[in-house]
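Spelled out from the first residue to the last, the chains are:
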Amino acid sequence: MSNDRRKFLKVAGFATLAVTGSRALGAANLAPTPWLKGGGLEAKRWAMVIDLKKCHQQEGCTKCMDACHLEHNVPKIEIKKHEIKWIWKESFHHAFHEQEHEHTPESIKHSPIPVLCNHCDNPPCVRVCPTEATFKRESDGIVMMDWHRCIGCRYCVVGCPYGARSFNWEDPREHMDDITENFPTRMKGVVEKCTFCETRLRKGLPPACVEACEYGALTFGDLDDPDSEVRKLLESNYTIRRKPQLGTEPQVYYIV
Amino acid sequence: MYDGGKIIAGLILFLILITFPIWWNIAGGTTDFEADPKIVTTEKSCIYEKEYMTTHHMDVLDDWRDRVVRDDVRAFHSDALGRDVEMSLSHTCMSCHPNKSEFCDECHNPMGVDPYCWDCHVEPKEGK
Amino acid sequence: MIDKAFVGSKKYWSWVIILLGLIGIGTLAYLYQFENGLGVTGLSRDVTWGFYIAQFTFLVGVAASAVMVVLPYYLHNYKAFGKVTILGEFVAVGAVIMCMTFIFVDMGSPYRILNVFLHPTPHSLMFWDTVSLFGYLVLNAIISMVSLGAERKGIAPPKWIKPIIYISIPWAISIHTVTAFLYSGLAARPFWMTAVLAPRFLASAFAAGPALLCILCLIVRKVSKFDPGDQAIRNLAKIATYGMIVNVFLVLMEVFTAFYSDIPEHLLHFKFLYVGLDGNTTLVPWMWLSAALAVFSLILMINPKTRNNFKTMVVGCIAIFFSLWIDKGLAMVVGGFTPSPLGEVTGYAPTFPELLISIGIYAMGALIVTGLYKVAISVREHKLPAKMVVTEKVASETA
């Protein structure tokens, strides 16, 4: 196992133990703060590499999506027009339309591509937001959502070339059976999207989708750290990104 | 003035109507209430002194939410407690005050305050 | 002066009551939408802006068109427009208020709208749009009220109004350019990613606005003693005609670029609009209706005989207005979203609540314009000696 993964597991294990331990001790006292003990993950530029060869090993696998949507209380809305999704599978035909041709191998043509917010370096959604409710955080490069400030104008949804954003057309709580208690829901009238699990990162945990993928298809790390997994993968594999010609500099790379 | 009687009568009627909520509640005796929020924690203090928290908890939360979400800062040093806490409504505040109906609502309900925090932040389960 | 809006004939009040009724229904429909969320509209994850924003886009053009009467009169002393500037400015006021209301009802969390001003964001065009719309409203309100007030007293307006009027001219151009910039700077939407979008917006504004103003002047002539003047109305029709010619030309330019280059990401949007895509043909009849109305209106309006005859002029103006309403409103907005960035075709049609709210907002705009026009007409009727009114009417009938 690599060093990073060992560190993840160590910190994750400790954090879980501390939190569950304290719950048993005294319910009405201040929650312990394992994250303060230097257990948070820090980076200057978070990025993700998705190995498509490892991804479609199991037919109809939805582990990354399920983990993400459960972790973040993403509602399951039956009406397709109103659906909310942070990470999901698109066909190659839709995700990489300009890369496809008549003789693209069948295995690639039909492989499902996990797509999510690309946390672009030059994000058009941030450029258009009138209140900076979505902004690129200086500390770690994550394109963040400030749900306290969003006015629901949906300009960011219009500006995103990847269709990564979803709007709450109705009250999401009516479409949730179980609510994960340690993370808020959103309310109707705001836009939401993947936040690279910034709350988990602070606790020293990898993003939920990365953790949930049992085939190791998703790798997450700091692009500015030359020893990170993502840098190693990018240097040894040919990767493509979605719609690179638009100049958005997406930070989700795909190994085809 | 022309139609003076009608105008003055109309003005008085308007004043009565516009101050309706005030005199109706005074007459009905619903303006007196003793708010007694129940504190169930054994911690010696809140993150600020009690008097300050009572009057300024909304400002504290407003400041926290910007610092956490926008500045990626989670640690807050509480002088009253003498240690660092996490700036979080659900994890910090509600861990000492999980009894929302006996604590938060004790004052909010008679005052007619309906903070929208709970539209998103998950309320702690009580008495379950 | 404003009190003149509160006195009127039975017909005036019946019209006002109807409008108030529509506004009431629209308000109830909005409360329903506010309670249940924007999901009650026909909007979706793919087509995220629709009827409301389409109306906003179209009405910004109508608001900007006041400059087409203000500019000739104040910059070039074109006397014929002297009596019409106030009518243009009042339409601008009503249109801008409607624009802001359409944006408001489209917002997911409208109670947070002040965030746009509490956290001003210069790199966002939407911020500049709100600034320019507010500014334009204030400018036009001041200009119209001050000049009408002075006219009522029979004196010249105060000197300080002149620079404000001069500012309103580029400001009018700017409100519509900014609105075009909302669309034309988005890498994600190739249908709108064209430098010609702002010129197209302005051309269609200078066609639709004066066309509306023509119709309103003819109505004013019919229901009151005030006559804006044959020359003024005919010139408005001329302006609308040229605006329409330029607009149609620019649309044809876009069609050429899309079809000749054959680039799918530009072409597919036109295909969706004019022939349908993936089996979805909702907008196809509307597009061809818009094209037919455009051609029909140009036939009527280019020919001076039919343009100068008030009966055919009205038909031509209505055709211009509705052709552009379809093209700039629904077609441009929905067309930009279909196909989506992921290549999907999601249909869109406004729902019943959406339409009720929109009708309510249009009724509100109509009410504002009605009230303001009533004030202007009352001031003018009061001023003009009866002899002059009769002479003008006779002159136009023998023309």
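Residues numbered from 1 in each chain as written. Chains lettered and ligands numbered in written order. Predicted model: local features only at pLDDT ≥ 70, side-chain atom pairs only at ≥ 80, totals over all residues.

With that settled, the discussion passes to the overall build of chain C. Each helix and strand counted, chain C has 15 helices and zero strands in total. For 399 residues, the compact-globule estimate of 2.2 N^0.38 gives 21 Å, and the C-alpha radius of gyration of chain C, at 21 Å, lies within 12% of that figure. With the C-alpha coordinates of chain C rotated into their principal frame, the extents come out at 70 × 50 × 40 Å. Within the span of chain C, comprising 399 residues, buried residues form 47% of the whole. Contacts in chain C between residues far apart in sequence, at least 24 positions, make up 79% of those at least 6 positions apart. (Helix = DSSP H or I, 4+ residues; strand = E, 2+ residues; numbered from the N terminus. Rg over C-alpha atoms; globule rule 2.2 N^0.38 Å. Buried ≥ 20, exposed ≤ 12 C-beta atoms within 10 Å, placed from the backbone. Contact = placed C-beta atoms within 7 Å.)

Moving on: the overall build of chain B. When helices and strands are counted, chain B shows six helices and two strands. Here the C-alpha radius of gyration of chain B, 22 Å, is well above what a compact globule of 128 residues would show, namely 14 Å. By its C-alpha atoms, chain B is 70 × 35 × 30 Å across when sized along the principal axes. For chain B, with 128 residues in total, the buried portion stands at 14%.

Here we come to helix α13 (residues 310-337) of chain C. Residues and elements named next belong to chain C. Taking 1.5 Å as the rise per residue, α13 with 28 residues should run 40 Å; its terminal C-alpha atoms sit 40 Å apart, in good agreement. A bend of about 40° at Ala-331 is the largest found in α13. With respect to burial, α13 is a largely interior element, 20 of its 28 residues being buried. (Expected span 1.5 Å × (residues − 1). Bend = angle between axes of the 7 residues up to and from the residue.)

Moving on: helix α3 (residues 63-71) of chain A. Residue and element names in this part refer to chain A. Among the residues of α3, those classed as buried are Cys-64, Met-65, Cys-68, His-69 and Glu-71. The arc that holds every buried residue of α3, seen down its axis, measures 165°, which confines them to one face. Residues of α3 that are buried sit in contact with β2 (87-91), β3 (112-116), α9 (208-212) and β8 (218-222). One or two residues past the end of α3 sits Asn-73, with phi positive at roughly 55°. (Arc of directions from axis to C-beta.)

Attention now goes to the interface of chain C and chain A. At the interface, 31 residues of chain C touch 39 residues of chain A. Elements that contribute at least two residues to the side of chain C that touches chain A include exactly α5 (115-118) and α6 (125-153) of chain C. Ranked by the residues each element gives to the side of chain C that touches chain A, the list is headed by α6(C), at three residues. Its residues assigned to classes, the side of chain C that touches chain A comprises 13 nonpolar, 15 polar and three charged. (Nonpolar A, V, L, I, M, F, W, Y, C, P; charged D, E, K, R; others polar.)

Another aspect to go through is the domain arrangement of chain C. Residues and elements named next belong to chain C. Per the domain assignment, the segments of chain C are domain 1 (1-184 + 351-384) and domain 2 (191-207 + 230-348). Using C-alpha coordinates to define each centre, domain 1 is positioned 23 Å away from domain 2. Every contact between the two is made by 29 residues of domain 1 and, on the other side, 28 residues of domain 2. At the level of secondary structure, the elements contributing two or more residues to the side of domain 1 that touches domain 2 comprise α2 (51-64) and α7 (161-184). Its residues assigned to classes, the side of domain 1 that touches domain 2 shows 15 nonpolar, 12 polar and two charged. (Domains from an automatic or database assignment.)

A separate point is the confidence of the model for chain B. This prediction gives chain B a mean pLDDT of 87; 98% of its residues lie at or above 70. Ranking the helices and strands of chain B by mean pLDDT puts helix α1 (residues 4-18) of chain B first, with 94, and helix α5 (residues 104-111) of chain B last, with 86. (pLDDT = per-residue confidence, 0-100.)

A few words now on the sheet that holds strand β9 (residues 239-240) of chain A. Whenever strands of a sheet pair, they do so through backbone hydrogen bonds, lying parallel or antiparallel. Residues and elements named next belong to chain A. As summarised here, the arrangement of the four strands in space is β8-β1-β10-β9, forming an open sheet in which the pairing is mixed. Two strands bound the open sheet, and with one partner strand each, they are β8 and β9. When β9 meets strand β10 (residues 252-255), the two strands line up antiparallel, connected through two bridges. Across the sheet, Thr-239 pairs through a bridge with Ile-255, a residue of β10. Lying over the sheet, helix α10 (residues 229-236) contacts β1 (46-51), β8, β9 and β10, oriented at roughly 110° with respect to β8. (Pairing = 2+ DSSP bridges. Axes fitted to C-alpha atoms, helices over the stretch in contact; angles between N-to-C directions.)

Assigned domains within chain B: domain 1 (1-32) and domain 2 (33-120). Domain 1 of chain B and domain 2 of chain B are separated by 39 Å when their C-alpha centres are compared.

Our focus in this paragraph is the nonpolar core. Residues and elements named next belong to chain C. Grouped together as the largest cluster of nonpolar side chains are 192 residues, with contacts concentrated most on Ala-63, Leu-87, Val-91, Cys-99, Cys-214, Ala-240 and Ile-320. Counting residues per element, this core draws most heavily on helix α8 (residues 197-223), at 15 residues. What Val-91 contacts, discounting residues up to four positions off in sequence, is Val-62, Ala-66, Leu-212, Leu-213, Leu-216 and Val-369. (Core = buried A, V, L, I, M, F, W, Y, C linked by C-beta atoms within 7 Å.)

All right, on to the arrangement of the chains then. Taking contact number as the criterion, the leading pair out of two pairs of chains in contact is chains A and C. At the C-alpha level, the nearest point of chain B lies 12 Å from chain C, with no contact between them.

Here the amide bond leading from C:Thr338 into C:Pro339 is cis, since omega sits at 0°, within 30 degrees of zero. Its place among the elements puts C:Pro339 in the loop between α13 and α14 (352-383). With a phi close to 45°, A:Lys243 is a non-glycine residue in the positive phi region. You can see A:Lys243 is positioned in the loop between β9 and β10. The backbone of B:Asp3 sits at a positive phi, close to 55°, despite the residue not being glycine. Within the element layout of this structure, B:Asp3 appears in the segment before α1.

Attention now moves to the packing of α2(C) against α8(C). Residue and element names in this part refer to chain C. Where α2 contacts α8, the two axes come as close as 7 Å, and the packing angle between them is 70°. Taken together, the axes of α2 and α8 lie roughly perpendicular to each other. Regarding α2 and α8, the two cross each other, and that crossing is right-handed. When α2 is examined against α8, the residues Gly-61, Val-62 and Ala-64 are found in contact with a partner set consisting of Phe-201, Ser-204, Ala-205, Ala-208, Gly-209 and Leu-212. For the contact of α2 with α8, the class distribution of residues is six nonpolar, three polar and no charged. (Parallel < 35°, antiparallel > 145°, perpendicular 65-115°, else oblique. Left-handed = near helix turned anticlockwise from the far one by under 90°.)

Residues and elements named next belong to chain C. Structurally, Tyr-73 is set in helix α3 (residues 67-76). You can call Tyr-73 partly exposed: it has 19 C-beta atoms within 10 Å. Put simply, Tyr-73 and Lys-83 are 10 residues apart on the chain and 9.7 Å apart in space, counted from C-alpha to C-alpha.

Residue and element names in this part refer to chain C. Running from amino to carboxyl end, α7 crosses α8 at an angle of 135°, the nearest separation of the two axes being 8 Å. In terms of their interaxial angle, α7 and α8 are classed as oblique. Like other packed secondary-structure pairs, α7 and α8 cross with a definite hand, here right-handed. Counted together, Ile-173, His-176, Thr-177, Thr-179, Ala-180, Phe-181, Tyr-183 and Ser-184 of α7 and Leu-197, Ala-198, Phe-201, Leu-202 and Ala-205 of α8 form the full contact between these two elements.

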